[in-house]
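Residue strings, one per chain:
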Amino acid sequence: MFSLNKPYHFLFFLGLFFFPFNSFDGVKALGEFKNESGAYFFLLGFLLLFFQKKISIPLYNSVFKIILVFLGWCFLSTLLNLENVENSYFKHTTGINRFIRQYVSLLLSSIVFFLFYYNVLIRMELKEILYKIRTVFLYSLFMASIVGFFEILAGYYGISLARYAFYILDYFPFFEKKYIGDRISSIADEPPFFAVYLITISGWMFSYIITNKGILKYLPTLLILVLTFYSGSRTALIVIFVQVIIFLLTTVSKEKIIRNAIRTAVAFSFLTLCIFIFNGEKIINAFEEKIDSLDFKSNLTKNISNQSRFGMQYAAIQVFLENPIIGVGYGQQTYYSRFHYPAWAMRNNYEFEEAYKNPAVRAFPPSYNMYTRILSETGLIGISIFIFLIYFSIKRIRFLIKNKSDEKKVLAIILLVGLSGLFINLLQIDTFRLYGLWLYLAILIVLTNKQQNAYE
């Protein structure tokens, strides 16, 4: 399946398999990427490709042009705020230092890794792109399911004997289970990052329903849904539900949706009955907890996570209102938003005093929302460019779905499901360190660029 004659090609697939593995201590010099195993393979692959071959750059592709414009504005908005950036200081970090670290992190994902993906993909047939990438993600999902199975038994159902499995699983590369609770993180370090992984690969797993035959074609989708449920991630529950709807509306006629919904309901009812026989009370409580977790308004006064999340978003909006056109500069939001934390968010919330407002803790507080972060840091100009990138990408994908067939159409459907999920997920996270996002954009360019090999 993999060609060892092209080591960078092999490193690409290793990176895809290992990108959710981040529960290990890595090289501090890599900053935010230090404990993300996929980054090591992608960076090594890029360097190998750089010294072996000419790097192809899709300079004339519209999607890539928009990406470059966005990156350019992130830099320019900071330059326009240079005086304030130079004077900013918090958590032992200057504004200049913060910008450099954040911008380098952005460039690693959006330029270095992106160009590595693109240069590997343009040397592959579309059929290879579909089946090889999907197979690698399927293998990683099987690994995640094995780890998740034992984690569910040990942490969720309290079967202590299952913990012994981790004495063996901890020997797996880039994996160390540090904590087992009632929310699974499987091969990732924390449930939120595991949720990002599930959202990223969901479209690839759904596509088996289109291309394969027999009952096993539903297995990858079932694994995604089960792992999402036990991850306890509110975001993943909502986003993957939306992704399922998008997939069905894109691939299935209304008649088939109704017919398959009935079949699914019957199968789900039978499965649920079996589970209830095994541990009915636990399942009932679990469903009640999931439903309650989606009530953000009710939880705002009693859930610290929600208090922090909405409080940070509120503060970012205030920073934007004070600097609406050009923002305060990329990576600079915290220097300003710390003066706008609302009282209702800090009330009985230990996270602010112990971490977010504590200068002794060097880690900067998360913004919890990429859109409010872009608004505050790059202003209306920056958010307009980014929203246009989303609009243009989705428009291109919809065109491909309507006018292509075979592997091209299946890949386009995967892109629509995957990018839609990741764009929605940006409402809950504030980083561009999303391997799937840049991989999907690289695939989109390959699909739309007929003269891809001519660009350097």
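Everything that follows concerns the structure shown earlier in this document.
How each quantity is defined
- Residues numbered from 1 in each chain as written.
- Predicted model: local features only at pLDDT ≥ 70, side-chain atom pairs only at ≥ 80, totals over all residues.
- Heavy atoms only, no water.
- Helix = DSSP H or I, 4+ residues; strand = E, 2+ residues; numbered from the N terminus.
- Buried < 20%, exposed > 50% of the residue type's maximum accessible area, 1.4 Å probe, protein only.
- Lys, Arg positive; Asp, Glu negative; His and termini not counted.
- Salt bridge = Lys/Arg side-chain N within 4 Å of Asp/Glu carboxyl O.
- Contact = heavy atoms within 4.5 Å.
- Axes fitted to C-alpha atoms, helices over the stretch in contact; angles between N-to-C directions.
- Parallel < 35°, antiparallel > 145°, perpendicular 65-115°, else oblique.
- Left-handed = near helix turned anticlockwise from the far one by under 90°.
- Nonpolar A, V, L, I, M, F, W, Y, C, P; charged D, E, K, R; others polar.
- Core = buried A, V, L, I, M, F, W, Y, C linked by side-chain atoms within 4.5 Å.
- Phe/Tyr/Trp six-rings, centres within 6.5 Å; stacked < 30°, edge-to-face > 60°.
- 1 Å grid on protein atoms, 1.4 Å probe; cavity = no way out; pocket = protein on both sides within 12 Å on 5 of 7 lines; lining within 4 Å.
- Points joined across faces, edges and corners; volume = space filled by probe spheres on them.

Q: Explain the side chain of Arg98 to me, please; I cannot follow it from the model alone.
A: Inspection of the secondary structure assignment puts Arg98 in helix H5 (residues 95–121). Of the side chains with opposite charge, Glu32 lies nearest to the buried Arg98, which makes no salt bridge, at 5.3 Å. Aside from chain neighbours lying at most four places away, what touches Arg98 is Thr93, Gly331, Gln332, Tyr335 and Phe364.

Q: Whenever I open this one, the packing of helix H8 (residues 191–206) against helix H11 (residues 234–251) confuses me. Can you help?
A: Packed helices, taken two at a time, are described by the angle between their axes plus the distance between the axes. Viewed as axis vectors pointing N to C, H8 and H11 meet at an angle of 15°, and their least axial separation amounts to 10 Å. Of the possible angle classes, the one that applies to H8 and H11 is roughly parallel. Two packed elements cross with a definite hand, and for H8 against H11 that hand is right-handed. Residues Ala195, Leu198, Ile199, Ser202 and Phe206 of H8 form the contact with H11, whose own contacting residues are Ala236, Val239, Ile240, Gln243, Val244 and Phe247.

Q: Explain the packing of helix H2 (residues 37–52) against H5 here, please?
A: Two numbers describe how H2 lies on H5: the axes approach to 9 Å, and their chain directions differ by 65°. One way to sum up the angle between H2 and H5 is to call them roughly perpendicular. At the point where H2 passes H5, the crossing takes the left-handed sense. Where H2 approaches H5, its residues Ala39, Phe42, Leu43, Gly45, Phe46 and Leu49 are matched on the opposing element by Leu108, Val112, Phe113, Leu115, Phe116, Tyr117 and Asn119. Here the contact of H2 with H5 is built from residues that sort into eleven nonpolar, two polar and no charged.

Q: Just checking my understanding: could you explain the nonpolar core for this structure?
A: Side chains of a nonpolar character, in soluble globular proteins, are inclined to be buried together. Core analysis: the largest hydrophobic core is formed by 126 residues, its most contacted members being Phe12, Tyr117, Leu121, Ile133, Trp204, Phe386 and Phe432. What Tyr117 contacts, discounting residues up to four positions off in sequence, is Phe12, Phe42, Tyr435, Trp438, Leu439 and Ala442.

Q: Sorry, what's going on with the pattern of salt bridges here?
A: Should their charged atoms come close, side chains of opposite charge can pair. In total, this model carries six salt bridges according to the counting rule given. With a closest N to O distance of 2.7 Å, Glu36 and Arg433 form a salt bridge. Of the two residues, Glu36 sits in the loop between helix H1 (7–18) and H2 while Arg433 sits in the loop between helix H19 (406–425) and helix H20 (435–448), which places them 397 residues apart along the sequence. By sharing partners, the salt bridges in this structure join Glu32, Glu36 and Arg433 into a single network.

Q: Honestly, the side chain of Gln102 in this entry has me stumped. Any pointers?
A: Inspection of the secondary structure puts Gln102 in helix H5. For Gln102, a relative accessible area of 8% puts it in the buried group. Residues in contact with Gln102, not counting those within four places in the same chain, are Glu32, Tyr330, Gly331 and Arg373.

Q: For this particular structure, what's the right way to read the packing of aromatic side chains?
A: Aromatic ring pairs are described here by two measures, namely the spacing of the ring centres and the angle between the planes. Per the counting criterion, the structure on display carries 50 aromatic pairs. Consider the rings of Phe42 and Phe113, whose centres lie 5.8 Å apart with planes at 55°: the pair is tilted. You can see Phe42 sitting in helix H2 and its partner Phe113 sitting in helix H5, a full 71 residues away along the chain. Neither residue differs from the other here; Phe42 and Phe113 are each classed as buried. Centroid distance Phe386 to Phe432: 5.5 Å. Interplanar angle 65°. Geometry classified as edge-to-face. Of the two residues, Phe386 sits in helix H18 (residues 370–403) while Phe432 sits in the loop between H19 and H20, which places them 46 residues apart along the sequence. Each of the two residues, Phe386 as well as Phe432, counts as buried.

Q: Is there a simple way to explain empty space enclosed by the protein in this structure?
A: Vacant regions in the atomic arrangement are exposed by a probe of water-molecule size rolled over the atoms. This structure, assessed with the given rule, holds one cavity of 30 Å³ or more. Around the largest cavity, the lining residues are Phe19, Phe193, Val196, Thr200, Arg433, Leu434, Tyr435 and Gly436. The set of elements that each furnish at least two residues to the lining of the largest cavity consists of H8 and H20. It is H8 that provides the largest number of residues to the lining of the largest cavity, a total of three residues. Among the residues making up the lining of the largest cavity, the classes are represented as five nonpolar, two polar and one charged.

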